[in-house]
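Listed below, chain by chain, are the residues.
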Protein chains: 2
Amino acid sequence: MATAKNRGGFALERTTISQIFADQEQFGGQTVTVCGWARTIRDMKTFGFIELNDGSCFRNLQIVMDANVLGNYKEIAGQNVGAALIVTGTVVLTPEAKQPLEVKADTIVVEGPSTPDYPLQKKRHSVEYLRTIAHLRPRTNLFSAAFRVRSVAAHAIHTFFQDRGFVYVHTPIITASDCEGAGEMFRVTTLDMENLPKKDDGTVDYSQDFFGKSANLTVSGQLNAENFAMAFGNVYTFGPTFRAEKSNTTRHAAEFWMIEPEMAFCDLAGDMDVAEAMIKHIINTVMEKCPDEMNFFNSFVDKGLKERLEHVASSDFGRVTYTEAVELLKQNNDKFDYKVEWGCDLQTEHERYLTEQIFKKPVFVTDYPREIKAFYMRLNDDGKTVAAADCLVPGIGEIIGGSQREERLDVLEARIKELGMNPEDYWWYLDLRRYGGCKHAGFGLGFERMVMYLTGIGNIRDVLPHPRTVGNADF
Amino acid sequence: MATAKNRGGFALERTTISQIFADQEQFGGQTVTVCGWARTIRDMKTFGFIELNDGSCFRNLQIVMDANVLGNYKEIAGQNVGAALIVTGTVVLTPEAKQPLEVKADTIVVEGPSTPDYPLQKKRHSVEYLRTIAHLRPRTNLFSAAFRVRSVAAHAIHTFFQDRGFVYVHTPIITASDCEGAGEMFRVTTLDMENLPKKDDGTVDYSQDFFGKSANLTVSGQLNAENFAMAFGNVYTFGPTFRAEKSNTTRHAAEFWMIEPEMAFCDLAGDMDVAEAMIKHIINTVMEKCPDEMNFFNSFVDKGLKERLEHVASSDFGRVTYTEAVELLKQNNDKFDYKVEWGCDLQTEHERYLTEQIFKKPVFVTDYPREIKAFYMRLNDDGKTVAAADCLVPGIGEIIGGSQREERLDVLEARIKELGMNPEDYWWYLDLRRYGGCKHAGFGLGFERMVMYLTGIGNIRDVLPHPRTVGNADF
């Protein structure tokens, strides 16, 4: 049988810098081919140094180039920062030097040159400027570290749930129902905007739209996750969610990723147990797998980062009822712009005061007044509060919102009607209570807030690969 | 410090059926509490049997109930299928019976009853009917198995790439550019549809839309993935993508998930190596972790499934150029509705004939005519073909589309202009070739097609938790 000729399989022949650093003794004295980009090039006329980064790890590899060895020394020494190079040479262990090893180059090939006006020169750039070159910023130390931590944290979350038998469910992104009534939604349509079909009464005829009805981008996969928890017991989602809020803050994006576990036969205490174990697992995994990145953040972004995370990973989270929290906060009302009283929604200033000043660690606030929480949360016996639990963390405020769900059909139906919603819109959600309903609970973790918490980065735009915010969908 | 009272932490006290089957010897003679849903209830008056499923695994657990032991025997025996039960009892090993063990109940509590008209009665239902109750169908054997395989396959993909040092990138879902020009896109908007803002010329004024311009749902994360590969070397995406095509087939959905790896310093042969290794890894993982599910599919959905998958996992994929494939197919032109000739796009009938009849295993077809492939694919030296590689598999046809990307700035710019596109729209994509460009390659795997391939399920609607297709966005 005919076979396409093999072109060299480059991907499998090169050695990554990460491999070399991970197995230094084995690579010492060996010849390797490494492929990467020049971060700096220092030309001392007869010899020189290149700091090469190949993206496989945070660290650069020092390449030593010798004019007596390299026939194209001048070409290489004259390259601009950012050039893509293919280096073949010998790994030399340098136990007495700052870096543990270097590569003495036998050959260096310019795979792709750069230019003198390469935007990432050696000087430090502001994050604001780097956002305008979001296609290049992953090549800087800050963003290289941030997006590697993001990737490792994402996989830590998958592994946490998969190891515990949770089923990963891809809940739908496009939805025809505003399930939570949570904020503004984006419309999804294929109607011809220049020539919208109209009904007899002059309003837009969505029956002619792609889905035969009005459709939006999801704000939460929770109701669908509940559906699957009633079959699989323990499930989780991990996908994008959307809010069309025009708030231009450091903590809000129009498009962000959420993790939403949902557990059958689980109450609010079990819900908090899972959330706490998950956060500790994420922290421990990132600290273990990204030591260079975490040291960088600790040195250049947030001096107290590692100590704080280690403290969180090793201590029990606080648990306090909303009613108790309000009493604690009222004693400090002189410090707040918005004064606290029972019944009010907690503002970020209150949440941060609770977790940073009073508890000095993450804390769950439970049992909020029903009026300020969603319709699906389980009504407590006091008739006034619901079995909700928000997790607040120092430096961020709310990072998790969770609750036990109302499993009692009559109570849930009454609440839906009380809020002026139509029970028929929730027919399948109510069915879950009709056919083998059970106590169940879940929560939502905002993934970007978790990455901000892990890295100390203060702006959500800097932990999203290509952030979407009001007025911005570039790249 | 005040602490919310612990409510019992139900999630962590129950034993899952999966745990009991996994560690039978240890559980034999032990008292356990299991929580699940009754699949069948057989009442023999003084004793009876319940098949309980808790979603932790494919198998049911047999519960034995004895009227002399259970004070509420009549209540339990009278429950309807689908009821949620909490059973405490003793695990009894039954080596001589069909099932390896059962639980003799000491107490059974009805957590949530079901009704006599529960839609999932014991009889077999059509998949068409089950789609109308998509909130209940995960409780059937078929969909329980399908969605568990889906979850395990998703995690196998993450683990495959993470173990190899690939960085997981969340490329944006909302995009202001039609990057591939691949088919119809969904518009994303917050404009008031009943009162659209207009420009002076009477057309819609998208500068007033949320992002300040016209925006759509992504059809591919590839261009953004290339961007990150030029920093991290090896990256992958795994996220939802969208096509607003009104094609109502068994293989197309409006919303589906894609995996798109992208490798720097990698050519087409390396690209195929990664794709082949990934597919084998997914198959091996699912076969190992889901034996009961795979046996079910092999018995009830597709008799040849396991044999075919084992064959694929253990054999080298074929590799054939498009030109060679056309020659092979032309010899069988009498069998095709569309006759094959050089330059034509291969139809599903051709793809399936190649992989099923000629190669009898997965095959990569490489080096397609440039006219039928995307602008970013690398032009071969012949000037006529591009370095593309589609992977075709028996029973499905195309499951992977990949290519080496055009890394030469001048060639890429010329191609963009030749196709009547505006290079300025691709400024940042072209920048990747300006500053340290390098040979690189990647591919896209349609996740639902992979799950169909793994399960033998023939309709994409039955591997998506809540499918979105033309005219349908229910649940």
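Residues numbered from 1 in each chain as written. Chains lettered and ligands numbered in written order. Predicted model: local features only at pLDDT ≥ 70, side-chain atom pairs only at ≥ 80, totals over all residues. Heavy atoms only, no water.

Colleague: Just checking my understanding: could you explain the pattern of salt bridges for this structure?
Modeller: Working definition: two side chains of opposite charge can pair if their charged atoms are close together. All names here are of chain A. Taken as a whole, this structure holds 49 salt bridges over all chains when the rule is applied. The residue Glu262 makes a salt bridge to Arg405 at a minimum N-O spacing of 2.8 Å. Of the two residues, Glu262 sits in strand β11 (residues 255-264) while Arg405 sits in the loop between β15 (397-404) and α13 (409-418), which places them 143 residues apart along the sequence. The pair formed by Glu262 and Arg405 is uniform in burial state, with each residue classed as buried. The network of salt bridges with shared partners includes Asp273, Glu276, Lys280 and Arg319. (Salt bridge = Lys/Arg side-chain N within 4 Å of Asp/Glu carboxyl O. Helix = DSSP H or I, 4+ residues; strand = E, 2+ residues; numbered from the N terminus. Buried < 20%, exposed > 50% of the residue type's maximum accessible area, 1.4 Å probe, protein only.)

Colleague: Quick question: what am I supposed to make of the packing of aromatic side chains here?
Modeller: By convention here, two paired aromatic rings are described through the distance between centres and the angle between planes. In total, this model carries 56 aromatic pairs over all chains according to the counting rule given. Pairing Tyr168 of chain A with Tyr236 of chain A gives two aromatic rings, centres 5.0 Å apart and planes at 15°, and the pair type is stacked. Taken as a pair, Tyr168 of chain A in strand β6 (residues 167-168) and Tyr236 of chain A in strand β10 (residues 234-242) lie far apart in primary sequence, 68 residues in all. For Tyr168 of chain A, a relative accessible area of 3% corresponds to the buried category. With a centroid separation of 5.2 Å and an interplanar angle of 50°, the aromatic rings of Phe58 of chain B and Phe296 of chain B are classed as tilted. (Phe/Tyr/Trp six-rings, centres within 6.5 Å; stacked < 30°, edge-to-face > 60°.)

Colleague: How should helix α14 (residues 427-434) of chain A be read in this particular structure?
Modeller: Quick reminder: α-helices carry 3.6 residues per turn. Residues three or four places apart thus point the same way. Residue and element names in this part refer to chain A. Buried residues dominate α14, accounting for six of its eight residues. Summarising the contacts, the buried residues of α14 are in contact with α7 (222-232), α13 and β16 (440-446). Among the residues trailing α14, Gly436 stands out with phi positive, at a value near 70°. (Contact = heavy atoms within 4.5 Å.)

Colleague: Sorry, what's going on with the domain arrangement of chain A here?
Modeller: You'll often see interface size given as the accessible area lost when the parts meet. Residue and element names in this part refer to chain A. Under the domain assignment used here, chain A contains domain 1 (17-112) and domain 2 (139-182 + 219-462). The C-alpha centroid of domain 2 is placed 45 Å from the C-alpha centroid of domain 1. If you look at the interface, domain 1 gives six residues, while domain 2 gives nine residues. Around 650 Å² of area is buried between domain 1 and domain 2 when both sides are counted, 42% of it from carbon and sulfur atoms. For domain 1, the biggest contributors to the area lost against domain 2 are Arg39, Phe58 and Arg59; these three give 79% of the whole. Put simply, domain 1 and domain 2 have one salt bridge between them. Asp292 is the partner of Arg59 in a salt bridge, and the nearest nitrogen-oxygen pair spans 3.1 Å. A breakdown of the residues in the side of domain 1 that touches domain 2 according to their chemical character gives two nonpolar, two polar and two charged. (Domains from an automatic or database assignment. Buried area = accessible area lost by both parts, 1.4 Å probe. Nonpolar A, V, L, I, M, F, W, Y, C, P; charged D, E, K, R; others polar.)

Colleague: It is not clear to me how the interface of chain B and chain A should be interpreted in this structure. Could you clarify?
Modeller: With 138 residues of chain B at the contact, the number on the chain A side is 137 residues. Between chain B and chain A, the buried area comes to about 11000 Å², and carbon and sulfur atoms account for 63% of it. When residues of chain B are sorted by the area they lose upon contact with chain A, Phe210, Phe265 and Tyr435 of chain B head the list and together hold 8% of the total. Linking Lys439 of chain A and Glu111 of chain B is a salt bridge whose minimum nitrogen-to-oxygen distance equals 3.4 Å. For the interface between chain B and chain A, the tally reads 38 residue pairs in polar contact (both at pLDDT 80 or more). Each residue belonging to the side of chain B that touches chain A can be placed in one class, and the counts come to 71 nonpolar, 42 polar and 25 charged. Sheet topology places strand β8 (residues 187-189) of chain A next to strand β8 (residues 187-189) of chain B; three bridges connect them, and they run antiparallel. Residue pairing for β8 of chain B: Val188 of chain A is matched across the bridge by Val188 of chain B. (Polar contact = N/O pair within 3.5 Å; in protein donor to acceptor, adjacent residues only side chain to side chain. Pairing = 2+ DSSP bridges.)

Colleague: It is not clear to me how the sheet that holds strand β5 (residues 101-112) of chain A should be interpreted in this structure. Could you clarify?
Modeller: Within a sheet, adjacent strands bond to each other through the backbone by hydrogen bonds, running parallel or antiparallel. Residue and element names in this part refer to chain A. With mixed pairing, the five strands of this closed barrel are ordered in space as β1-β2-β3-β5-β4. Within the sheet, the average angular offset between the axes of one strand and its neighbour, ignoring direction, is 55°. In terms of strand pairing, strand β1 (residues 31-43) meets strand β4 (residues 84-93) through seven bridges, oriented antiparallel. By the bridge assignment, Trp37 is partnered in β4 with Ala84. (Axes fitted to C-alpha atoms, helices over the stretch in contact; angles between N-to-C directions.)

Colleague: What is the right way to read the packing of helix α6 (residues 141-163) of chain B against helix α8 (residues 268-289) of chain B from this model?
Modeller: The packing of two helices is summarised by the inter-axis angle and the distance between the axes. All names here are of chain B. The interhelical angle for the contact between α6 and α8, taken along N-to-C directions, is 135°, at an axis separation of 9 Å. The angle between the axes of α6 and α8 places the two elements in the oblique class. In this structure, α6 meets α8 at a crossing whose hand is right-handed. Counted together, Val149, Val152, Ala153, Ala156, Ile157, Phe160 and Phe161 of α6 and Val274, Ala277, Met278, His281, Ile282, Thr285, Val286 and Lys289 of α8 form the full contact between these two elements. Looking at side-chain class alone, the contact of α6 with α8 contains 12 nonpolar, two polar and one charged residues. (Parallel < 35°, antiparallel > 145°, perpendicular 65-115°, else oblique. Left-handed = near helix turned anticlockwise from the far one by under 90°.)

Colleague: Help me understand the side chain of His125 of chain A in this model?
Modeller: Residue and element names in this part refer to chain A. Positionally, His125 belongs in the loop between β5 and α5 (127-132). Classification of His125 by relative accessible area gives buried; the value is 18%. A distance of 3.3 Å separates the side chain of His125 from the backbone oxygen of Gln121, its partner in a polar contact. Setting aside its immediate chain neighbours within four residues, His125 contacts Pro119, Leu120 and Leu130.

Colleague: So what exactly am I meant to see when it comes to the packing of helix α10 (residues 305-314) of chain A against helix α15 (residues 447-455) of chain A here?
Modeller: All names here are of chain A. Between α10 and α15, the least distance of the axes is 8 Å, while the angle of their chain directions is 120°. Mapping the contact onto sequence places Leu305, Arg308, Leu309 and Val312 in α10 and Tyr453, Leu454 and Thr455 in α15. In terms of residue class, the contact of α10 with α15 is built from five nonpolar, one polar and one charged.

Colleague: Could you clarify how one ought to interpret unusual backbone geometry in this entry?
Modeller: One can expect most non-glycine residues to show negative phi and most peptide bonds to be in trans. Residue and element names in this part refer to chain A. Although it is not a glycine, Asp367 sits at a positive phi angle of roughly 60°. Along the chain, the position of Asp367 falls in strand β13 (residues 363-369). For Asp367, a relative accessible area of 8% puts it in the buried group.

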